[in-house]
Amino acid sequence: MDADTVVGTELRLLRQRRPDVAGTVLAGTDGLLISSDLPSTDATHLAALAAASFGLGHRVADTVRQGEFRESVVCTTAGCVVTYPAGRSALLTLVTMSAAGDLEALHEEARAVAHRAGSFLDVRGGGIGATSVPDAHAPLATRTPMATLPAQLRRSSRPTWRRPPI
């Protein structure tokens with residue numbers, strides 16, 4: 001069974017059990033869309049925003065040293081957008097229609113779906129091309145790929161742009 005079938009089934013079953021979920025997006029931690037049932041432009045933008053939200057939430061959790069990041073929740077007047085980590089390199093984002101609904105019950109179900117989908121993607125590789133989040137306390141070369149480039153490639157002594165003649 002391929003990743004699209006397994007993940008698609010998980011997301012479809014979640015939507016059947018939880019009618020308050022208006023849409024789902026599965027994305028890599030790099031912001032690239034993996035799977036969605038939202039319109040494609042919205043899904044692509046939401047995938048990128050979910051990655052940014054995850055990165056910020058992960059960093060805040062690391063800074064305050066209160067445990068691992070669990071989810072990011074944005075509540076609006078019409079509903080909520082919740083992002084959960086799904087394995088080492090994916091994110092599950094749900095768009096809900098009710099802001100004051102039973103959010104705790106949704107968290108439990110969604111975390112379980114994110115865990116199953118993430119585990120499947122981790123084992124299968126998923127073909128998603130996403131990279132896992134580096135350890136915030138790792139050496140700079142590990143956290144920042146540019147730091148591994150030779151100095152002459154990072155900073156050129158020659159200007160890269162010149163004013164065109166007038």
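Residues numbered from 1 in each chain as written. Predicted model: local features only at pLDDT ≥ 70, side-chain atom pairs only at ≥ 80, totals over all residues. Heavy atoms only, no water.

**Things to note about unusual backbone geometry**
Of note, arginine 65 is a non-glycine position whose phi angle comes to about 50°, a positive value. Here arginine 65 is to be found in the loop between α2 (40-64) and β3 (72-75). (Helix = DSSP H or I, 4+ residues; strand = E, 2+ residues; numbered from the N terminus.)

**A look at the sheet that holds strand β4 (residues 80-85)**
Overall, antiparallel pairing links the 5 strands, which are arranged β2-β1-β5-β4-β3 in an open sheet. Strands at the two margins of the open sheet, each flanked by one partner only, are β2 (33-36) and β3. Geometrically, the sheet is characterised by an average inter-axis angle of 15° between neighbouring strands, direction not taken into account. Inspection of the sheet shows β3 paired to β4 by 4 bridges, in the antiparallel sense. Residue pairing for β4: cysteine 75 is matched across the bridge by cysteine 80. (Pairing = 2+ DSSP bridges. Axes fitted to C-alpha atoms, helices over the stretch in contact; angles between N-to-C directions.)

**Let's talk about the packing of aromatic side chains**
Going through the model one piece at a time under the given rule, you end up with 1 aromatic pair. With a centroid separation of 5.2 Å and 80° between ring planes, the pair formed by phenylalanine 54 and phenylalanine 69 is classed as edge-to-face. Here phenylalanine 54, found in helix α2, pairs with phenylalanine 69, found in the loop between α2 and β3; they are 15 residues apart in sequence, far enough to count as distant. This pair shows no difference in class: phenylalanine 54 is buried, exactly as phenylalanine 69 is. (Phe/Tyr/Trp six-rings, centres within 6.5 Å; stacked < 30°, edge-to-face > 60°. Buried < 20%, exposed > 50% of the residue type's maximum accessible area, 1.4 Å probe, protein only.)

**Some points on the pattern of salt bridges**
For the structure shown, the criterion picks out 7 salt bridges. Linking arginine 18 and aspartate 20 is a salt bridge whose minimum nitrogen-to-oxygen distance equals 3.2 Å. Owing to a relative accessible area of 17%, aspartate 20 belongs among the buried residues under this scheme. As a salt-bridge pair, arginine 18 and glutamate 109 come within 3.6 Å of each other at their nearest N and O atoms. Linking arginine 18 in the loop between α1 (3-17) and β1 (21-28) with glutamate 109 in helix α3 (residues 103-124), this pair joins segments that are 91 residues apart in sequence. Judged by relative accessible area, glutamate 109 falls into the partly exposed class, the value being 23%. If you follow the salt bridges from partner to partner, you end up with Arg17, Arg18, Asp20 and Glu109 in one network. (Salt bridge = Lys/Arg side-chain N within 4 Å of Asp/Glu carboxyl O.)

**What about the pairing of strand β5 (residues 90-96)?**
Burial analysis of β5 places 6 of its 7 residues in the buried class, which makes it a mostly covered element. Bridge count for β4 against β5 is 6 bridges, and the pairing is antiparallel. Bridge pairing in β5 places valine 82 opposite leucine 94. The loop that links β4 with its antiparallel partner β5 comprises 4 residues; one of these, glycine 87, has a positive phi angle of about 80°.

**Observations regarding the confidence of the model for the protein**
Residues at a pLDDT of 70 or more form 69% of the protein, whose mean pLDDT is 78. Within the model, pLDDT remains below 50 along residues 126-131, and this stretch shows 13 contacts once partners closer than five positions in the same chain are excluded. (pLDDT = per-residue confidence, 0-100. Contact = heavy atoms within 4.5 Å.)

**Brief notes about the pairing of β1**
In terms of burial, β1 is a largely internal element, 7 of the 8 residues being buried. Judged from the 7 bridges that link them, β1 and β5 form a sheet pairing that is antiparallel. Along β5, the bridge assignment pairs valine 21 with threonine 96. Bridge count for β1 against β2 is 3 bridges, and the pairing is antiparallel.

**Description of the side chain of histidine 107**
On the secondary structure map, histidine 107 appears in helix α3. Since its relative accessible area comes to 5%, histidine 107 is described here as buried. Excluding its chain neighbours within four sequence positions, the residues that come into contact with histidine 107 are Glu71, Val73, Val82 and Tyr84.

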